[in-house]
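Chain by chain, the residues:
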Amino acid sequence: MEKRARITVICGHYGCGKTNLALNLALEAAGEGEKVTVADLDIVNPYFRSSEYGGLLEERGVKLIAPVFAGTTLDTPTLPPELYSIFEPESGRVFIDAGGDDAGVTALGGLHDLLREAGYEMLYVINRYRVLSQTPQEAAALLGEIETASRLKATALVNNSHLGVETKLETLVSALDFAQETAKLTGLPLLYSTAPDFALEPGEVLPQGFHKIKRYVKFMWE
């Protein structure tokens with residue numbers, strides 16, 4: 001089995017579900033006994049960010065590094081000194097919750113040399129049901145913008161196509177062709193597709209290639 005990179009960057013379009021996936025991956029790793037750090041590098045969106053769930057992460061023993069530029073639109077944000085601790089082995093498994101689109105991943109550009117030296121995997125999260133990324137061509141083009149802004153290359157796709165609380169098994173299955181075509185266009189492997197824990201009715205069975213996740217991130221009005 002191929003050894004996992006210690007540092008995982010999670011990127012994608014606004015609202016694709018990056019933060020919820022980052023929380024799931026971090027808490028799963030912590031549940032397996034690993035030392036885990038989450039770095040919230042969203043420099044644009046003041047909502048749906050990992051730092052909004054600091055209490056949950058702390059309860060599970062996960063360290064959170066939150067930015068001092070949260071909620072700003074700075075083009076060249078100053079990275080908090082604590083962030084550089086992720087390159088020390090003592091930080092354990094690291095999950096970086098990057099901002100959305102090319103603007104949101106700007107902060108990663110300042111870390112690209114260190115990330116390349118340390119070794120990383122970058123998961124590009126796609127969601128067929130989000131505006132501006134509903135076709136494989138749109139999703140592939142958006143990835144190009146993200147890679148240019150971050151000066152990093154994605155290593156795999158995660159299909160996180162969902163409709164929030166309206167998600168059903170049919171919702172998930174209907175997005176598989178989209179995910180597979182996006183993988184072909186980008187030349188990246190499709191790591192897996194996600195399935196929210198509430199999406200299945202009793203007796204329904206997921207096809208192969210799905211990974212169940214919990215819904216931690218909720219809308220402001222919920």
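Residues numbered from 1 in each chain as written. Predicted model: local features only at pLDDT ≥ 70, side-chain atom pairs only at ≥ 80, totals over all residues. Heavy atoms only, no water.

> Is there a simple way to explain the overall build of the chain in this structure?
Of the regular secondary structure elements, the chain holds 8 helices and 8 strands. Considering the chain as a whole, with its 222 residues, one finds that 50% of them fall into the buried category. A total accessible area of about 10,800 Å² is found for the chain, and carbon and sulfur atoms account for 52% of it. (Helix = DSSP H or I, 4+ residues; strand = E, 2+ residues; numbered from the N terminus. Buried < 20%, exposed > 50% of the residue type's maximum accessible area, 1.4 Å probe, protein only. Areas by Shrake-Rupley, 256 points an atom, 1.4 Å probe, with all protein chains shown as cover.)

> I would appreciate a short explanation of the pattern of salt bridges in the present structure.
Note on pairing: side chains with opposite charge can pair once their charged atoms come close. Summed over the entire model, instances satisfying the criterion amount to 4 salt bridges. Of the charged contacts in the structure, one is a salt bridge between Glu-34 and Arg-93, with a shortest N-O distance of 3.9 Å. Of this pair, Glu-34 sits in the loop between helix H1 (18–31) and strand E2 (36–41) while Arg-93 sits in strand E4 (residues 93–100); the two residues are 59 residues apart in sequence, bridging distant segments of the chain. Of the residues examined, Glu-34 reaches a relative accessible area of 26% and is grouped as partly exposed. Note that Glu-82 and Lys-63 form a salt bridge whose closest N and O atoms lie 3.6 Å from each other. With Glu-82 in the loop between strand E3 (63–65) and E4 and Lys-63 in strand E3, the pair connects residues that are 19 residues apart, well separated along the chain. When its relative accessible area of 40% is taken as the criterion, Glu-82 is described as partly exposed. What makes Lys-63 partly exposed here is its relative accessible area of 37%. (Salt bridge = Lys/Arg side-chain N within 4 Å of Asp/Glu carboxyl O.)

> For this particular structure, what's the right way to read unusual backbone geometry?
You will see that Leu-132, though not glycine, has its phi angle at about 75 degrees, which is positive. For Leu-132, the location among the structural elements is in the loop between strand E5 (120–126) and helix H6 (136–150). Of the residues examined, Leu-132 reaches a relative accessible area of 58% and is grouped as exposed. Phi at Arg-151 is positive, roughly 60 degrees, even though this residue is not glycine.

> Hey, could you run me through the sheet that holds strand E7 (residues 190–196) in this one?
Strand pairing in a sheet relies on backbone hydrogen bonds. The paired strands run either parallel or antiparallel. Taken together, 8 strands build an open sheet; the order of strands is E3-E2-E4-E1-E5-E6-E7-E8 and the sheet is parallel. Of all the strands in the sheet, just E3 and strand E8 (210–213) have a single pairing partner and so form its edges. For this sheet, the mean inter-axis angle between neighbouring strands, taken without regard to orientation, is 25 degrees. As paired strands, E7 and E8 are joined by 4 bridges and run parallel to one another. (Pairing = 2+ DSSP bridges. Axes fitted to C-alpha atoms, helices over the stretch in contact; angles between N-to-C directions.)

> Explanation requested: the pairing of E2 in the structure shown.
Each regular strand carries side chains that alternate between the two faces of the sheet. Buried residues dominate E2, accounting for 6 of its 6 residues. Neither face of E2 is open: one carries Val-36, Val-38 and Asp-40, the other Thr-37, Ala-39 and Leu-41, and all of them are buried. Judged from the 6 bridges that link them, E2 and E4 form a sheet pairing that is parallel. Pairing of Asp-40 across the sheet is with Asp-97, part of E4. Here 3 bridges tie E2 to E3, and the two strands are oriented parallel to one another. Its bridge partner being in E3, Thr-37 is matched across the sheet by Lys-63.

> Honestly, the side chain of His-112 in this entry has me stumped. Any pointers?
Among the secondary structure elements, His-112 is positioned in helix H5 (residues 112–118). Judged by its relative accessible area of 10%, His-112 is buried. Not counting the four nearest positions on each side in its chain, His-112 is found in contact with Ser-150, Arg-151 and Leu-152. (Contact = heavy atoms within 4.5 Å.)

> Teacher, can you tell me more about the packing of H6 against helix H8 (residues 176–186) here?
Pairs of packed helices are described in terms of their axes, by the angle between the two and the distance that separates them. For the pair H6 and H8, interaxial distance at closest approach is 9 Å and the crossing angle is 45 degrees. Viewed along their axes, H6 and H8 adopt a mutual orientation that is oblique. Crossing angle aside, the handedness with which H6 passes H8 is right-handed. Contacts between H6 and H8 involve Pro-136, Gln-137, Ala-139, Ala-140 and Leu-143 on the former and, on the latter, Phe-178, Glu-181, Thr-182, Leu-185 and Thr-186. (Parallel < 35°, antiparallel > 145°, perpendicular 65-115°, else oblique. Left-handed = near helix turned anticlockwise from the far one by under 90°.)

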